[in-house]
Amino acid sequence: MRRTGVAREGLLLGSGGWIPTERRETTCVFIRSGDQGLVLDAGTGLRRLVSSSGLLTGVRKLAIVLTHFHLDHVCGLSYVPALPVTPTIWAPGLWLYGQRSEELLAPLRSAPISSSEPSDLGGVRELQPGAQSIGGFQIHAREQRAHWAPTAGLRVGDELALITDTAYDPESVVFARDVTHLLHEAWSCSANPVAESGDATAAQAGQVAEEAGAHHLTLMHINPLLRSEEELLADARAFAPRAQLGHDCASLRLDRVPLRSSGARRSNNQLFAREEV
Ligand SMILES: [Zn+2]
């Protein structure tokens with residue numbers, strides 16, 4: 001019996017939020033398992049699937065899952081015609097906005113904004129709440145209401161969770177319970193919080209990771225106006241001592257080493273069952 005759809009390689013393609021900078025493209029995470037690829041959010045970081053040749057070599061099936069429709073998470077959809085494989089796009093339109101995702105994305109995917117035809121930009125499907133299989137990956141999606149627009153928290157099996165564009169939410173702890181690698185938004189420092197009603201601080205990211213028992217924590221969706229990355233990291237490490245600052249093109253560890261020293265915790269496989277064939 002062979003497992004499929006289990007994330008084996010993770011790469012942070014865009015670690016920033018809002019505005020790309022010299023060092024950070026906006027939100028994009030790439031996960032690969034054999035010939036199947038999964039992209040979480042299509043910020044400007046998606047361009048790295050074009051400019052870093054080889055990342056999609058051998059990938060025959062590609063899915064892009066969106067957390068929400070803000071431009072820093074969807075503008076990379078216009079780069080799709082440059083990819084060697086046409087993806088299917090999954091978005092939370094009907095679920096979180098009561099409108100089909102294809103309709104919500106239509107202005108971005110048609111004239112006069114787009115020079116490409118919608119047919120060249122990949123089909124659009126509806127992301128559902130809860131557990132679902134997407135492109136062979138087991139995805140769990142959770143509604144996050146504490147942002148300027150509703151967003152989806154995403155979890156890929158037990159390997160990785162992406163919690164971004166949300167203020168601190170205690171329910172995130174349940175969602176990320178015992179996940180191998182948590183990618184959490186860290187928009188500002190708790191000593192000088194910015195937009196805290198819609199975006200989490202680094203301390204709050206560390207708190208979620210620590211309480212969830214995540215094995216690794218990477219801070220991402222970094223504010224381009226941030227003054228001190230060292231301060232941001234220290235803020236998170238007050239709760240999660242092994243937190244890391246996200247960098248573009250960084251590999252995401254998917255080995256299980258608890259942040260806490262209390263030893264291995266029980267896996268959550270029953271909640272987030274992987275597909276097996
Ligand atoms: Zn954002």
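Residues numbered from 1 in each chain as written. Predicted model: local features only at pLDDT ≥ 70, side-chain atom pairs only at ≥ 80, totals over all residues.

**Considering the sheet that holds strand β12 (residues 216–220)**
- Taken in spatial order, the 7 strands line up as β7-β8-β9-β10-β11-β12-β13 in an open sheet, and their pairing is mixed. Looking at strand neighbours, the two that pair on one side only are β7 (130–134) and β13 (244–245), the edges of this open sheet.
- Of the pairings in the sheet, the one linking β12 to β13 comprises 2 bridges and is parallel in character. Paired with Leu219 across the two strands is Leu245, which belongs to β13.
- Packed onto the sheet, helix α6 (residues 202–212) meets β10 (160–163), β11 (181–185) and β12 and runs at close to 155° relative to β11.
- Set on the sheet, helix α7 (residues 229–237) makes contact with β12 and β13; between it and β12 the angle comes to about 145°. (Pairing = 2+ DSSP bridges. Helix = DSSP H or I, 4+ residues; strand = E, 2+ residues; numbered from the N terminus. Contact = placed C-beta atoms within 7 Å. Axes fitted to C-alpha atoms, helices over the stretch in contact; angles between N-to-C directions.)

**A word on the sheet that holds strand β2 (residues 28–33)**
- Overall, mixed pairing links the 7 strands, which are arranged β6-β5-β4-β3-β2-β1-β14 in an open sheet. Two strands in the sheet have a free side with no partner beyond their single neighbour: β6 (124–126) and β14 (250–251).
- Inspection of the sheet shows strand β1 (residues 9–14) paired to β14 by 2 bridges, in the antiparallel sense. Within the sheet, the bridge partner assigned to Leu11 lies in β14 and is Ser251.

**Observations concerning the pairing of β7**
- As paired elements, β7 and strand β8 (residues 137–144) share 5 bridges and run antiparallel to each other. When the sheet's bridge partners are listed, Gln132 is paired in β8 with Ile139.
- Here β7 folds back onto β8 in antiparallel fashion, the turn holding 2 residues, of which Gly135 has a positive phi close to 55°.

**Description of the nonpolar core**
- With 69 residues, the main nonpolar core has Val29, Val39, Val65, Ala161, Leu182 and Ala236 as its most contacted residues.
- Of the residues forming this core, the biggest block, 6 residues, is contributed by α6.
- Leaving out residues up to four positions away in the same chain, Val39 has contacts with Cys28, Val29, Phe30, Leu46, Leu62 and Ile64. (Core = buried A, V, L, I, M, F, W, Y, C linked by C-beta atoms within 7 Å. Buried ≥ 20, exposed ≤ 12 C-beta atoms within 10 Å, placed from the backbone.)

**Here's the deal with the environment of Ile64**
- Following the sequence through the fold, Ile64 ends up in strand β4 (residues 61–65).
- What makes Ile64 buried here is the crowd of 27 C-beta atoms within 10 Å.
- Ignoring any residue separated from it by four or fewer positions in sequence, one finds Ile64 in contact with Val39, Ala42, Pro87, Ile89 and Trp90.

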